Amino acid sequence: MALFTDPFREMDRLVSSVLRQAPAAAAMPLDLYRTGESFVAQIDLPGVDPSTIDVDVEDRTLTIRAERKSVSGDDIQWLSHERPTGTFARQLVLGNGLALDRIDADYADGVLTLTIPVAEEAKPRKIHVSHAPRTIEQQASVAEPAAEQPAEEKQLAGV
């Protein structure tokens, strides 16, 4: 029985495991929910210096950037290095009806919390329907053209 071995498959497996990088979403996990008249985004950024966090809005795109620096030194010998380091970015495309000029950002305990309020013009509102009861004269004036209609029809018919 002959066994077929593919040396390139094993090489591909080794290279991909060495070069594998976590996707951006895994580096910045996000929870997004609505509460009342606001949307809230909570982004995990443990170990990030708050001064490196940058939140921008351009058109309807919200961009979050943050940097986690690596420990460095000549006397460091890594035994395990699993936490990603460097600059991370995440973008969210925001829909219409949000007050982009009133976004609030807060960073506490490694979590960046963005509060995005709904714009006033996008909030549902109740429209009042006014109603004034008609007097008998008003009702009669509305009904008169209907009463005259058959007489005009008779004249047109030649009766």
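To start, this report covers the structure provided alongside it. Owing to the predicted nature of the structure, the values given are computational and were not obtained by experimental measurement. (Residues numbered from 1 in each chain as written. Predicted model: local features only at pLDDT ≥ 70, side-chain atom pairs only at ≥ 80, totals over all residues. Heavy atoms only, no water.)

This part takes up the overall build of the chain. Each helix and strand in the chain was counted, giving three helices and seven strands. Helices (α) and strands (β) of the chain occur, in sequence order from the N terminus, as α-α-β-β-β-β-β-β-β-α. Taking all 159 residues of the chain together, the buried fraction comes to 18%. Here the analysis covers contacts within the chain between residues at least 6 apart in sequence; of these, 49% occur between residues at least 24 apart. Surface summary for the chain: the accessible area is close to 12,900 Å², and the carbon and sulfur share equals 53%. (Helix = DSSP H or I, 4+ residues; strand = E, 2+ residues; numbered from the N terminus. Buried < 20%, exposed > 50% of the residue type's maximum accessible area, 1.4 Å probe, protein only. Contact = heavy atoms within 4.5 Å. Areas by Shrake-Rupley, 256 points an atom, 1.4 Å probe, with all protein chains shown as cover.)

In space, the three strands of this open sheet follow the order 3-4-5, with antiparallel pairing throughout. Two strands in the sheet have a free side with no partner beyond their single neighbour: strand 3 (54-58) and strand 5 (86-93). Adjacent strand axes in the sheet meet at a mean angle of 15 degrees when their direction is disregarded. Looking at chain direction, strand 3 and strand 4 (residues 61-68) are connected through five bridges and run antiparallel. Residue pairing for strand 4: Val57 is matched across the bridge by Leu62. (Pairing = 2+ DSSP bridges. Axes fitted to C-alpha atoms, helices over the stretch in contact; angles between N-to-C directions.)

Residues Val71, Ile76 and Trp78 make up a contiguous nonpolar surface patch of roughly 290 Å² in combined accessible area. Within the secondary structure layout, Ile76 lies in the loop between strand 4 and strand 5. (Patch = residues over 30% accessible without salt bridge, like charges linked within 9 Å, V, L, I, M, F, W, Y side chains within 5 Å. Salt bridge = Lys/Arg side-chain N within 4 Å of Asp/Glu carboxyl O.)

This part is about the sheet that holds strand 6 (residues 104-108). Pairing between sheet strands relies on hydrogen bonds along the backbone, with the strands arranged either parallel or antiparallel. Taking strand neighbours across the sheet as the criterion, the four strands line up as 1-2-7-6 in an open arrangement whose pairing is antiparallel. Looking at which strands have only one partner, the edges of the open sheet turn out to be strand 1 (30-35) and strand 6. Here the average twist between neighbouring strands, direction ignored, is 15 degrees. By the bridge criterion, seven bridges tie strand 2 (residues 38-44) to strand 7 (residues 111-117) in an arrangement that is antiparallel. Bridge pairing in strand 7 places Gln42 opposite Thr113.

Looking at the element boundaries, Thr52 is found in the loop between strand 2 and strand 3. A polar side-chain atom of Thr52 sits 3.2 Å from the main-chain carbonyl oxygen of Glu67. (Polar contact = N/O pair within 3.5 Å; in protein donor to acceptor, adjacent residues only side chain to side chain.)

For the coordinates displayed, the defined rule picks out three salt bridges. Where Glu37 meets Arg34, a salt bridge forms, and the shortest distance between an N and an O atom there is 4.0 Å. Overall, the relative accessible area of 38% leaves Glu37 in the partly exposed class. Across the salt bridge formed by Asp54 and Arg65, the nearest N and O atoms sit 3.7 Å from each other. A residue pair is termed long-range when its members are at least 10 positions apart, and Asp54 in strand 3 and Arg65 in strand 4 qualify at 11 residues. Arg65 gets classed as partly exposed once you look at its relative accessible area, which sits at 35%. Through salt bridges with shared partners, a single network forms among Asp54, Asp56 and Arg65.

Residue Asp59 is not a glycine yet carries a positive backbone phi of 55 degrees. Looking at where Asp59 falls in the secondary structure, it is placed in the loop between strand 3 and strand 4.

All right, on to the pairing of strand 4 then. The turn linking strand 3 back onto strand 4 is made up of two residues, and Asp59 within it adopts a positive phi angle of 55 degrees. Two strands pair when backbone bridges link them, and strand 4 and strand 5 are joined in this way by eight bridges, in the antiparallel orientation. Paired with Ala66 across the two strands is Phe88, which belongs to strand 5.

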